[in-house]
Amino acid sequence: MSPLKRERPAQWRSLGDREGRSELRIWREGEFPEGFFGGGGPDRREFLKLMGASLAMLGAARCRWPAEPIVPFAHRPEGYVPGAPKRYATAMELAGAATGLLVTSYDGRPIKIEGNPRHPYSLGGTSAWHQASLLGLYDPDRSRHPVQRAGQDESRASWEAAAAFLRGQFAQLAAREGRGLYVLAAASSSPTLGRLRARLLEQEPRAEWLEYEPFSHEDAEREGTRLACGQPLRVHPRFDRARVVLLLDADPWLAHPAAVRYIHDFSQARRGPAEARPRVWAVEAAHSLSGSLADHRLPLRPSELADFAVRLAAQLFLGLGLAPPAGFGEVRALEAWRGGGRADDLLGALARDLWSARGDALILAGPRVAPEIHALVYLLNHALGSAGRAVTYTEAPEPSRAAHAEAIRRLADRLEAGRVDTLLLLDVNPAFDAPADLEFARRLEKAKTAIHVGPYRDETARLCAWHLPLAHYLESWGDARAWDGTWSIVQPLIEPLWEGRTAAELLSLCVEQAPQRAYALVRETFRDAFGPGAVEDGWRQALHEGLVEGTAWREVMLPVARGEWWDAAFAQAGASAARREGWELVFCLDAKVYDGRFANNAWLQELPDPMTKLTWDNALLLAPRDAQRLGVTDGDLVRVQAAERALELPALVLPGQAPGSASVALGYGRRAAGAVGGGVGAEVQTLRPADGRLVAEVRLERTGARRELACTQDHWTMDRLGAAERELRARRFARQVELRDFLADPHRAVRGEGEFHPVALWREHTYPGHRWAMAIDLDACVGCGACVVACQAENNVPVVGKREVLRGHEMHWIRVDRYFSGDPEAPSVHHQPVTCHHCENAPCESVCPVAATVHDSEGLNVMVYNRCIGTRYCSNNCPYKVRRFNWFHYTKKTGHLEAMVFNPEVTVRSRGVMEKCTFCVQRIQSARIAARREGRELRDGDVVPACAQACPAQAIVFGDLNDPGSRVRAAFDDARAYALLEEQNVRPRLRYLARLLHRTGRRAEG
């Protein structure tokens, strides 16, 4: 029997890893499988054969590089320095909220996106979506010109023809006050768009403007606060102030428009004093990224959540004597909910924890939670004294706006009734992402005139009489508000690559006699808001900083009052108490393609999902016991039946999924997404109920068929073949320890009983200048993957596609390992970014036959690409498995447009060479040149690698170990610091800081 089967490891990547299944040896055998040389290893003849072939490759390598023409810049503009990067502030709006960005441009070509440190909802960090939006700018599948459709015939049109049509159409509508005009638009907080919308509705008073997002973040929240206090509010959790956080099916650190800010605040709070360290509780069905960061997590089906929330209220109000807010009345009706229930063993501890943190306790409910439970959460936050401190509120923008689910149903009904004369669709794709029961694609044909404005000729555009291309935000003038209302400026970095226009320019065509371009429209809005005197100085400052200070919405504090929602909350809880026997399907926002709008972005498609490590697909996520009950394993197709509709989805077993439930990501199954995203995954909107809810009751049935999933969770394992049982049982790659154990004995808690003492076999090299190193704080890291995409953008890392990922050939220079520990039904989760460790005793260097990987004078392990002959010995000898072999010439067929995304400071590698992290050596050199030009030495913080700059948690620190005052030196000396695989004696230049768990009454596993 294999040693892997006799003992289960403390940490495991997947259930197959935990059980030691034999198929996982494929990924553990490395570059040289057992028996490759036959018998007991290579003989002299075989070795010479391999070396001869390698040297032949070296000779061929000199003639495989493509020729590149050089065009002189004969007439240089005054003050322009060719090749010198420039940075500009702008903002990206997503789901109606803006995040401030800084974009680096080379010779008028944007090549890298960073967070704007001045912006309150960026603070220097970004998400993977922000990083990858750069690739969307250079997407060759973007719409290039207007298209007119007549029946089945389509033809290219000009903007002049489109403008003439729009002006004539809207003039006719104005004659009948806009009757029959409907506008369906994506959520937007743009003041300019809002001003033009108001003008449109003033000219066409009988028209109707509807907003639609397929995954609404605040519909239930707005309705819940309206029930509780009579007015819809926007909720602002303050994770930097909260000491105890309860997440009720909420995922604020991924699936929220303000996630970048929330990650920053939460990570900063974790760095505070131990006694003020926040403790997180999560109750959810799908194992979310936020749930993986919780100190305590309870998997519950969605139907059981209302019961749990009401029982928690009973514990607080009756068991602990929490006083209800003034004017609310009696809470004795909760008496029946004090005892019983599946989760009572956790409820008492949770209630006491919230009680002990009064004033600093925070309860947050997610978009799948019923409005009545959101109202109950509002009540509890007020009763706990947290309102105004751990959670604040502002008036909801456009309080009269219909909920997104209601808006799309209303429009579908109007279409069915034949009441839609003109339908203007602004950056939406309801033919794909509306619930299938609405049959929106069929009903859209009943509109007399449908006009689509969007970046792609997507599923909806192909059904409309007109399609008009929408400009990318990096080639647009515009404005938008952050989640708290901060006015943000959208500034273009490049002239429009195609004939795209902004939504504001399109509305200007429809409502103004003399249509204006976007720049003039935004300036006019700015002047109207801040006065004529602020136009010049204020406008220039806003462009420089990317925002207007002091424009956040005012906080409000409203009383709570008992209403009908209280009885409705009891009804919700009563329905959940009678446990249903059927399956509940949970619809989730995808961590990569969002709701489908980023489906054609290859960087995002190939980014492993933070929890499942799945690429290029979505899957039906099942709990281990449910998968066993159905008789399915990873990749088995399951028939999912919802009412009259059915869909086959591949199963993926995910520890921590609530039993009796399954979850699936939205955004896949696109039919007209482009060359990259078309046909990827399954269109699960087919199963979504017509009322727009994010939970459906379904039936599951095994089909017996299979579909292979490109999942990276077992790739690049660091386990050694034939490792002793004791080593496998005790392995702790991503270390986490109990806070109380750490405070009692930090060294023992982090490093264990034994202590490794490295032995030097030769005289160590000294570094009199700089000695570069990196530290990663696992206590701050949330595993979001922003660093992976940032590294890909900075270092021209290629995309390989699903077929190559299935073979383990993905090229990411950074991987984020995800480990489980404990009970598979409710495990602990550990996230660990792993990159090249730049070892002092680098095992890769000693086996390279051509010295392609060597140490430089500052301790960096560098790659000399034109020496590398692709033997892959270095990869086989690397204990961290972080070196990537360029199997194919992935950039050979790159067109001129796609090539514009490449960073000119980094070599675009051809095939046959090893690639790996360089600690962004190009940024080190740029900082060195800048310091020399200013006549000073490099300072701590001058060099920031792409991964560290993108990280919203600021979990990655880089600097000089020879500088005693540097942050990286402080991290190396921290009591939580440890070296990964320290027993290998490779002396890595990267150290991790162990994660601290702040649990109550339970010890950490692993």
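Here the residue index of a chain counts from 1 through its sequence in written order. Whole-chain, interface and lining totals are the exception, using all residues; otherwise, since this is a predicted model, local features are given only for residues with pLDDT of at least 70 and side-chain atom pairs are given and counted only at 80 or more. Hydrogens and water are ignored here; the side-chain numbers use all heavy atoms of the structure.

### Focus on the overall build of the protein chain
Note the threshold: Labels follow the DSSP assignment, with helices taken as runs of H or I lasting at least four residues and strands as runs of E lasting at least two, numbered in each case from the N terminus. Between two residues, a contact is recorded if the distance between any of their heavy atoms is within 4.5 Å. For the accessible areas, the method is Shrake-Rupley and the probe is 1.4 Å, while residue cover comes only from the protein chains on display.
Looking only at helices and strands, the protein chain features 33 helices and 39 strands. Contacts in the protein chain between residues at least 24 apart in sequence constitute 75% of all its contacts with a sequence separation of at least 6. Taken as a whole, the protein chain presents about 39200 Å² of accessible surface, with 50% of it coming from carbon and sulfur.

### Some words on the environment of Q491
Put simply, the test is: Burial classes follow relative accessibility: with a 1.4 Å probe on protein chains only, a residue under 20% of its type's maximum area counts as buried, one over 50% as exposed, and anything between as partly exposed. Under the rule applied, a polar contact is a pair of N or O atoms within 3.5 Å (in protein, one hydrogen donor and one hydrogen acceptor; residues adjacent in sequence only if both atoms are side-chain atoms).
Mapped onto the fold, Q491 is located in the loop between β18 (487-490) and α17 (503-511). In this structure Q491 comes out as buried when scored by relative accessible area, which is 11%. Along the backbone, Q491 and G478 are 13 residues apart, and their C-alpha atoms lie at a distance of 6.7 Å. Beyond its immediate sequence surroundings of up to four residues, Q491 is in contact with Y88, A89, T90, Y473, S476, W477 and L543. Engagement of the side chain of Q491 in a polar contact is seen with the backbone oxygen of A89, the distance being 2.9 Å.

### Observations regarding the sheet that holds strand β2 (residues 97-106)
Cut-off, in case you're wondering: When DSSP locates at least two bridges between a pair of strands, those strands are taken to pair. Lines fitted to C-alpha atoms define the axes here, with helix axes fitted over just the stretch in contact, and angles between the N-to-C directions of these axes take values from 0 to 180 degrees.
Strand order across the open sheet formed by three strands is β1-β2-β3, with antiparallel pairing between neighbours. The open sheet has two free edges, formed respectively by β1 (86-94) and β3 (109-115), since each of these has just one partner strand. Between one strand axis and the next, the sheet turns by 40 degrees as a mean value, whatever way the strands run.

### What to know about the nonpolar core
Under the convention used in this document: In this description, a nonpolar core means a group of buried Ala, Val, Leu, Ile, Met, Phe, Trp, Tyr and Cys residues linked to one another through side-chain atoms lying within 4.5 Å.
L585, F587, L620, L622, L700 and Y880 are the most contacted members of the largest nonpolar core, which has 129 residues in total. Discounting residues that sit within four places of it in the chain, Y880 has contacts with M718, R815, V834, H837, C839, L980, L981, V986 and P988. By size, the runner-up hydrophobic cluster in this structure holds 89 residues, among which are V244, A250, L362 and V377.

### Considering the pattern of salt bridges
For clarity, the cut-off: Salt bridge, as used here: a side-chain nitrogen of Lys or Arg that lies within 4 Å of a carboxyl oxygen of Asp or Glu.
Applying the stated criterion to the full structure yields 61 salt bridges. In this structure, K112 and E114 form a salt bridge, with 3.2 Å as the shortest nitrogen-oxygen distance. The burial state of K112 is the same as that of E114; both residues are buried. D617 is the partner of K802 in a salt bridge, and the nearest nitrogen-oxygen pair spans 3.3 Å. Taken together, the residues span a long stretch of sequence, with K802 in helix α27 (residues 802-806) and D617 in the loop between β21 (614-615) and β22 (620-622) at a distance of 185 residues. A relative accessible area of 26% places K802 in the partly exposed class.

### Concerning unusual backbone geometry
Of note, E177 is a non-glycine position whose phi angle comes to about 60 degrees, a positive value. For E177, the location among the structural elements is in the loop between α6 (159-175) and β6 (181-185).

### Notes on helix α18 (residues 518-530)
So the rule is basically this: Here the expected span of a helix is defined as 1.5 Å times the quantity of residues minus one.
Between its terminal C-alpha atoms α18 stretches 18 Å, which fits the 18 Å expected from 13 residues at 1.5 Å a residue. All of the buried residues in α18 are A518, L521, V522, E524, T525 and F526. G531 sits one or two residues past α18 and shows a positive phi near 95 degrees.

### Describing the sheet that holds strand β11 (residues 296-299)
One open sheet accounts for four strands, arranged β11-β10-β9-β12; its pairing is parallel. Bordering the open sheet on either side are β11 and β12 (361-365), each of which pairs with just one other strand. Geometrically, the sheet is characterised by an average inter-axis angle of 10 degrees between neighbouring strands, direction not taken into account. Judged from the five bridges that link them, strand β9 (residues 244-248) and β12 form a sheet pairing that is parallel.

### Observations regarding the environment of L778
Note that L778 resides in the loop between β29 (772-777) and α26 (786-794). When its relative accessible area of 4% is taken as the criterion, L778 is described as buried. Distance in space between the C-alpha atoms of L778 and Q832 is 6.6 Å, their sequence separation being 54 residues. Apart from the residues within four sequence positions on either side, L778 is in contact with A734, R735, H831, Q832, P833, Y978, Y992, L993 and R995.

### Concerning the packing of aromatic side chains
For clarity, the cut-off: Note on ring pairs: Phe, Tyr and Trp rings are taken, using the six-membered ring of Trp, and paired if centres are within 6.5 Å. Classes follow the plane angle, with under 30 degrees stacked, over 60 edge-to-face and the rest tilted. By definition, being over a ring means that NZ of Lys or CZ of Arg is both within 6 Å of the ring centre and within 35 degrees of the ring normal.
Tallied over the entire structure, the rule returns 19 aromatic pairs. Ring centres 4.8 Å apart and planes at 50 degrees place the aromatic pair F526 and F530 in the tilted group. With F526 and F530 both in helix α18, this residue pair falls four residues apart, about one helical turn. Among the residues examined, F530 registers a relative accessible area of 29% and is labelled partly exposed. Here F526 and W539 contribute two aromatic rings whose centre-to-centre distance is 5.4 Å and whose plane-to-plane angle is 75 degrees, an arrangement assigned as edge-to-face. On the criterion of sequence distance, the pair formed by F526 in helix α18 and W539 in helix α19 (residues 536-545) is long-range, its members being 13 residues apart. As far as the burial class goes, F526 and W539 line up, both buried. The structure contains a cluster of three or more aromatic residues connected by ring pairs, namely W477, W487, Y519, F526, F530 and W539. Its end group placed over the ring of W498, R144 keeps NZ or CZ at 3.8 Å from the ring centre.

### Topic: the pairing of β1
As paired strands, β1 and β2 are joined by nine bridges and run antiparallel to one another. By the bridge assignment for β2, Y88 is matched with V103. Between β1 and β2, which follow one another and run antiparallel, lie two residues, and A95 among them has a positive phi close to 55 degrees.

### Points about helix α5 (residues 128-137)
Among the ten residues in α5, ten count as buried, and that is most of the element. Regarding α5, the residues found buried are A128, W129, H130, Q131, A132, S133, L134, L135, G136 and L137.

### Focus: the side chain of Q641
By secondary structure assignment, the location of Q641 is in strand β23 (residues 636-642). Only 3.1 Å separates the side chain of Q641 from the backbone oxygen of A643, close enough to count as a polar contact. The residues contacting Q641, other than those within four sequence positions of it, are A646, E697, V698 and R699.

### Some thoughts on the confidence of the model for the protein chain
Threshold: On a range of 0 to 100, pLDDT expresses the predictor's confidence in each residue.
In the predicted model, the protein chain carries a mean pLDDT of 85, and the fraction of residues at 70 or more is 89%. Across residues 50-68, where pLDDT falls below 50, the model places 19 contacts with residues more than four positions away in sequence or in other chains. Ignoring residues within four places in sequence, the model shows residues 1002-1006, a span with pLDDT below 50, making 24 contacts including any to other chains.

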